[in-house]
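Close look at the chain arrangement
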Amino acid sequence: MSTTNYYDTFIQVAEDCPVQHAATPPERPSPTVARLQFELLRAEPYAMTSDDLLFVVHARRKDIPEQDRDQARTAFFARSQACLRASPLPQRYGWGIHHDAEGRIALVASGTEDYRRFAEDEDLAQVRAMRSSRR
């Protein structure tokens, strides 16, 4: 089983992120990946790992019943999955993602003192979200 988890890492916003300060993903009749990730992480910071978040979002979007989720999770991670560096939150909406020593994650709004502190923390691995464009 592959994993998307990072440890003691800060994912900074993408170099080509179009916003200067973190923005809330818009609500839509059918929630987007960005909106679901945002709601889950804002409701319970440091409660989930990257793997947990990606699978819960997948399960909700596919309407996988609770009783089928263990088997579905195994199948989901049997294939390689994109990590949160590819999430729209740090790519488009200006949210950094902090991974603690146990791999649990929380959002950090760009343009804030917390974001600056995490981005300058030499004890954390620093990675950028993937660019949206190829330029």
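Our structure is the block above this text.
Attention in this report is confined to the structure presented alongside it. (Residues numbered from 1 in each chain as written. Predicted model: local features only at pLDDT ≥ 70, side-chain atom pairs only at ≥ 80, totals over all residues. Heavy atoms only, no water.)

**Here's the deal with the overall build of the chain**
Within the chain, the regular secondary structure consists of five helices and four strands. Secondary structure of the chain in N-to-C order comes out as β-α-α-α-α-β-β-α-β. For the chain, the spread of C-alpha atoms along the principal axes amounts to about 40 × 35 × 30 Å. For the chain, the proportion of its 135 residues judged to be buried stands at 42%. A fraction of 72% describes how many contacts in the chain between residues 6 or more apart in sequence connect residues 24 or more apart. (Helix = DSSP H or I, 4+ residues; strand = E, 2+ residues; numbered from the N terminus. Buried < 20%, exposed > 50% of the residue type's maximum accessible area, 1.4 Å probe, protein only. Contact = heavy atoms within 4.5 Å.)

**Digging into helix H1 (residues 33-43)**
Regarding H1, the residues found buried are Ala34, Arg35, Leu36, Gln37, Phe38, Leu40 and Leu41. Among the structural elements, helix H2 (50-61), helix H4 (88-91), strand S2 (95-99) and strand S3 (105-109) are those in contact with the buried residues of H1.

**Considerations on the pattern of salt bridges**
As enumerated under the stated definition, the model contains ten salt bridges in all. Of the charged contacts, one joins Glu15 and Arg131 as a salt bridge, the two residues approaching to 3.5 Å between their closest N and O atoms. One end of the pair, Glu15, is in the loop between strand S1 (9-12) and H1; the other, Arg131, is in the segment after strand S4 (125-128), with 116 residues separating them in the sequence. Given the relative accessible area of 35%, Arg131 is considered partly exposed. The shortest N-O distance in the salt bridge between Arg69 and Glu66 comes to 3.6 Å. With relative accessibility at 18%, the residue Arg69 sits in the buried group. Judged by relative accessible area, Glu66 falls into the exposed class, the value being 60%. (Salt bridge = Lys/Arg side-chain N within 4 Å of Asp/Glu carboxyl O.)

**Here we look at the nonpolar core**
Of all hydrophobic cores here, the largest spans 26 residues; its most connected members are Leu53, Leu84, Leu89 and Leu107. Going through the elements one at a time, H1, H2, helix H3 (69-78), S2 and S3 are the ones with two or more residues in this core. Element by element, the count of residues in this core is highest for H2, at six residues. Listed in part, the seven residues of the second largest apolar core include Phe10, Val13, Cys17 and Leu124. (Core = buried A, V, L, I, M, F, W, Y, C linked by side-chain atoms within 4.5 Å.)

Geometric values such as these leave the question of function open.
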